[in-house]
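Given next are the chains, with one letter for each unit.
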Amino acid sequence: MSALHSEHLTPAAYEVARVRQAFPILAQRIYGKPLVYLDSAATSQKPQAVIEAMSRFFLEENANVHRGVHYLAERATQAYEQARAKVRHFLNAEQAEEIVFVRGTTEAVNLVAQTYGKSQLQAGDEVLISAMEHHSNLVPWQMLCEQTGARLRVAPIDDVGTLRLDELERLIGPRTKLVAVSHVSNVLGTLNPIRRIVELAHARGAAVLVDGAQAVPHLRVDVRALGCDFYALSGHKMYGPTGIGVLYGRRELLEAMPPYQGGGDMILSVSFAKTLYAKPPQRFEAGTPNMAGAIGLGAAIDFLGELGLEAIAAHEQDVLAYAQQALAAVPGLRLIGTAQGKVGVLSFVLEGIHPHDIGTILDREGIAIRTGHHCAQPLMQRFGVAATARASLGCYSSVQDIDALLAGLARVRELFK
Ligand code: C6P
């Protein structure tokens, strides 16, 4: 049945078997079983092209950027700035100066909270988030509220995991200075209507930050079409390396923001009396940056471009539809997050079985999923669970992976009978 399904569901143009060959790690066996990697929302695997680009940087180009006049320094700087240009194109930002390299989504949100937020918010102002936020798009705002006396407000979601836009609209008031929402939820897979949220926020003078960590591997993101003020992403979830991410910020906003950290490469001039800061993005990139990381991210963008984000999205939607249908038929299984138009993240609980037990038993079958609260404890509370099991898809996921998951879950149920 699964073979038939795979033929039926996977368009000939997108050969998942060929895509998988680009990821050396997937050929591994775990406990003697073929690896079934269903944890891409935690971190994606890396294609050979990314690994090679980073290793080539160290083998042939390594030097510190923006500092030297020698050949390698120039070459490394060029490669680093070329990576920035690739990100600009990838997000369709207007200018490369709007692309700040950071460690990841977490750092991007903290940067905005501690610079834009701290300089713009006063006691009584409000930051509006949603009930489905990852701790990375929640705790930094709580910290900012503690520091400024501002108030954190939370737009609710409904029982299938859709954001209540009517409530969000109602909650944007005259004191709302910033709306911070995820593009895609890491637990529910819900895809939020960012364009509409931006319209609502801008109509009332509030800026919008989008946490795009879970969106960029799955769909084409155009920050100008979305109209958002800030967009945060992590390289490691989009087939790039860890330790590199991006903050996109509209140029006028970045230019008006004070620095985040002080140090080398973020200054125009320094004296003991006064320091003049560099323009963005350098102002926000203090210290030696993650050069190899940026180059690896650039290679990941090339990789996504070669596969085509639309083709990846279509393939993942097919696998998702298959998985949703199959999982819904498992006795005692409750899917958490079934919003229309969601992306490939499948959270679930099995009646009477702790998610950690599910994860541990599946692991012995070579199947990697994530279990726990997924850094979204308030969201767990919203659904009345302490934890879930979560299978998440990437460009290399196949219906055979889902069949393996189903067989694994049958084994889990057998053991707990
Ligand atoms: N979510 C997950 O398993 P960092 O750690 O900075 O690269 O990304 C943080 C982050 C922010 N927002 C969303 C929506 C996320 O999903 C994540 C990371 C991983 O769901 C690890 S907790």
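Residues numbered from 1 in each chain as written. Predicted model: local features only at pLDDT ≥ 70, side-chain atom pairs only at ≥ 80, totals over all residues. Heavy atoms only, no water.

Draft legend 1. Main features of the packing of helix H4 (residues 71–91) against helix H11 (residues 291–307). As a packed pair, H4 and H11 sit with axes 8 Å apart at the nearest point and diverge in direction by 40°. On the basis of the axis angle, H4 is oblique to H11. As H4 runs across H11, the sense of the crossing is left-handed. On H11, the residues touching Ala79, Tyr80, Ala83, Lys86, Val87 and Phe90 of H4 are Met291, Ala294, Ile295, Leu297, Gly298, Ile301, Asp302 and Leu304. Here the residues of the contact of H4 with H11 are counted per class, giving eleven nonpolar, one polar and two charged. (Axes fitted to C-alpha atoms, helices over the stretch in contact; angles between N-to-C directions. Helix = DSSP H or I, 4+ residues; strand = E, 2+ residues; numbered from the N terminus. Parallel < 35°, antiparallel > 145°, perpendicular 65-115°, else oblique. Left-handed = near helix turned anticlockwise from the far one by under 90°. Contact = heavy atoms within 4.5 Å. Nonpolar A, V, L, I, M, F, W, Y, C, P; charged D, E, K, R; others polar.)

Draft legend 2. Quick look at the sheet that holds strand E14 (residues 345–350). Strand order in this open sheet of four strands is E13-E14-E17-E16, and the pairing throughout is antiparallel. Because the sheet does not close on itself, it has two edges, and the strands there are strand E13 (333–336) and strand E16 (370–372). On average, adjacent strands in this sheet sit at an angle of 30° to one another, irrespective of strand direction. Relative to E14, E13 runs antiparallel, the two sharing four bridges. Paired with Leu335 across the strands is Phe348, a residue of E14. (Pairing = 2+ DSSP bridges.)

Draft legend 3. Highlighting the site of the ligand. Neighbouring the ligand are 16 residues; Thr106, Asp211, Gln214, Ser234 and Arg370 lie closest to it. The separation between a nitrogen atom of the ligand and a polar side-chain atom of Asp211 is 2.5 Å. Within the contact set of the ligand, an oxygen atom lies 2.7 Å away from a side-chain nitrogen or oxygen of Gln214. When the free accessible area of the ligand is taken as 510 Å², the share hidden by the protein chains comes to 87%. Here the residues of the shell around the ligand sort into four nonpolar, eight polar and four charged. (Near = heavy atom within 4 Å. Polar contact = N/O pair within 3.5 Å; in protein donor to acceptor, adjacent residues only side chain to side chain. Areas by Shrake-Rupley, 256 points an atom, 1.4 Å probe, with all protein chains shown as cover.)

Draft legend 4. Up close: a nonpolar patch on the surface. On the surface, Ile267, Val270 and Tyr277 cluster together to form a nonpolar patch covering roughly 270 Å² of accessible area. When you line up the elements, Ile267 lands in strand E11 (residues 267–270). (Patch = residues over 30% accessible without salt bridge, like charges linked within 9 Å, V, L, I, M, F, W, Y side chains within 5 Å. Salt bridge = Lys/Arg side-chain N within 4 Å of Asp/Glu carboxyl O.)

Draft legend 5. Molecular detail of helix H15 (residues 399–415). With 17 residues, H15 extends 24 Å from end C-alpha to end C-alpha; this agrees with the ideal 24 Å at 1.5 Å per step. Turning to H15, its buried residues are Val399, Asp401, Ile402, Asp403, Leu405, Gly408, Leu409 and Val412. (Expected span 1.5 Å × (residues − 1). Buried < 20%, exposed > 50% of the residue type's maximum accessible area, 1.4 Å probe, protein only.)

Draft legend 6. Just the packing of helix H12 (residues 309–328) against H15, in detail. Axis separation between H12 and H15 bottoms out at 9 Å; the angle between their running directions is 20°. In this view, H12 runs roughly parallel relative to H15, as classed from their interaxial angle. Judged by the twist between their axes, the crossing of H12 over H15 is right-handed. Where H12 abuts H15, its residues Val319, Tyr322, Ala323, Ala326 and Leu327 lie against Val399, Ile402, Asp403, Leu405, Leu406 and Leu409. For the contact of H12 with H15, a count of residues per class yields ten nonpolar, no polar and one charged.

Shape descriptors only; they carry no functional weight alone.
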